[in-house]
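Structural features, examined
Each chain, letter by letter, is given below.
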Amino acid sequence: MKNETITICIKCPVCGKTISLVLNKPKKGNIGRVAINHEDHIIVIDYDIFGHIRCVNVFKRFPIPQTGEILCRICKKPIEIRKDELLHEYAYIHDDHVVVVYVFNEHYQIEILPLAKVTQEPLYNIVDELIKQHGIKKISGIITHALIHSYIVLSIELKYIQHLFLQLKSLRNTIILFDDNVDDTKYENFSNPFIESVLVFVKNLSYVDALKKLDDMLLFILNLASMINKHNDINSKVIISLIEKIPNKALRDLILSVANVRKNDTEKNNV
Ligand SMILES: [Zn+2]
Ligand SMILES: [Zn+2]
């Protein structure tokens, strides 16, 4: 059976940052438990098969000591049992696992947990972040331009768009050129209202869902456009007449522009 995953999204109770994680589903009847590195603190979450959080604990993180009373049973790094307080709980990060130490009087207990993998991709919703920084019109305009022309010229300030495009099948092959003399605001004129509405929808989703929904919608547009282009004149006309019936004018215009059947109205602005 393939390893099923679930997406979990919570706010860190200490620093308030949103945490989005893709985790393996626990076995039926079991609870999953995983640690998350938040620099000076470590969050441990318990979650069930439905991705519901059952419990959140936060531990102070200490740097790995030179020496310690015991060694980690996985990687043999020293673990210090700090008895400076009556009741003490803290954690160390060891590469791919986290060691939580619980000290009570003269006793202690060690728990070893898997460290949640932080992928290369940012774990926050990149679409939301880009919109917050640059405004929805500009981001929508850049995506629209990339869909229609397969290339884009940006100022270095918009470097982050590259991260977004690389994660989307639909826009992965867009040629991105950087030129600091470019005025990115011109892309606002390119903004397509349909793309804007998709962005408004996905910006509140978790980053995994946001990327998937945005990609699905862009692939749908590209597929319809390539259907028009692939067919001979007569069949193309049939497909175009069907697309002309799409009630959303912005979507209709966009598909036809991507297929290069109709120039987008905004192209008059000559980007
Ligand atoms: Zn935090
Ligand atoms: Zn270890």
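Residues numbered from 1 in each chain as written. Chains lettered and ligands numbered in written order. Predicted model: local features only at pLDDT ≥ 70, side-chain atom pairs only at ≥ 80, totals over all residues.

**Things to note about the overall build of the protein chain**
To be explicit about the condition: Counting from the N terminus, the helices are DSSP H or I runs at least four residues long and the strands are E runs at least two residues long. A radius of gyration in this sense is built from C-alpha atoms; the matching globule rule multiplies 2.2 Å by the number of residues raised to 0.38. Residue burial here comes from a neighbour count, namely the number of other C-beta atoms, placed from the backbone, that lie within 10 Å of the residue's own C-beta, with 20 or more meaning buried, 12 or fewer meaning exposed, and in between meaning partly exposed. We call two residues in contact when their backbone-placed C-beta atoms lie within 7 Å.
Along its length, the protein chain carries seven helices and twelve strands. Relative to the globule expectation of 18 Å for 271 residues, the C-alpha radius of gyration of the protein chain, 25 Å, shows a markedly less compact shape. C-alpha extents for the protein chain along the principal axes are approximately 85 × 45 × 25 Å. Relative to its full complement of 271 residues, the protein chain shows a buried share of 25%. The long-range fraction of contacts in the protein chain, counting pairs at least 24 apart against all pairs at least 6 apart in sequence, stands at 53%.

**Considerations on the domain arrangement of the protein chain**
Selection rule: Each domain's extent was defined by an automatic or database domain assignment. Each residue gets one of three labels, nonpolar for Ala, Val, Leu, Ile, Met, Phe, Trp, Tyr, Cys and Pro, charged for Asp, Glu, Lys and Arg, and polar for the others, Gly among them.
Domain parsing of the protein chain yields domain 1 (1-58), domain 2 (62-115) and domain 3 (126-269). For domain 1 and domain 3, the distance between their C-alpha centroids amounts to 34 Å. With four residues of domain 1 in contact, the opposing surface of domain 3 contributes four residues. Of all the elements in the fold, those that place two or more residues in the side of domain 1 that touches domain 3 are strand E1 (5-11) and strand E2 (18-24). Class assignment for the residues of the side of domain 1 that touches domain 3 results in two nonpolar, two polar and no charged.

**Observations regarding the environment of Val 101**
With respect to the helices and strands, Val 101 occurs in strand E9 (residues 97-104). Discounting chain neighbours no more than four positions away, the residues touching Val 101 are Ile 79, Ile 81, Tyr 90, Tyr 108 and Ile 110.

**Observations regarding helix H4 (residues 193-202)**
Put simply, the rule reads: Arc, as used here, means the arc of the directions from the helix axis to the C-beta atoms.
Looking at H4, one finds that the buried residues are Phe 194, Ile 195, Val 198, Leu 199 and Val 202. An end-on view of H4 places all buried positions within 140 degrees of arc, on one side of the element. Of the surrounding elements, those touching the buried residues of H4 are helix H1 (126-134), helix H2 (136-149), helix H5 (207-230) and helix H7 (249-258).

**Some thoughts on unusual backbone geometry**
One non-glycine residue, Asp 95, lies in positive phi territory at about 45 degrees. Take Asp 95: it is sitting in the loop between strand E8 (87-94) and E9. The backbone of Ser 150 sits at a positive phi, close to 65 degrees, despite the residue not being glycine. Tracing the chain through its elements places Ser 150 in the loop between H2 and strand E11 (151-154). Note on Ser 150: 12 C-beta atoms within 10 Å, which makes it exposed.

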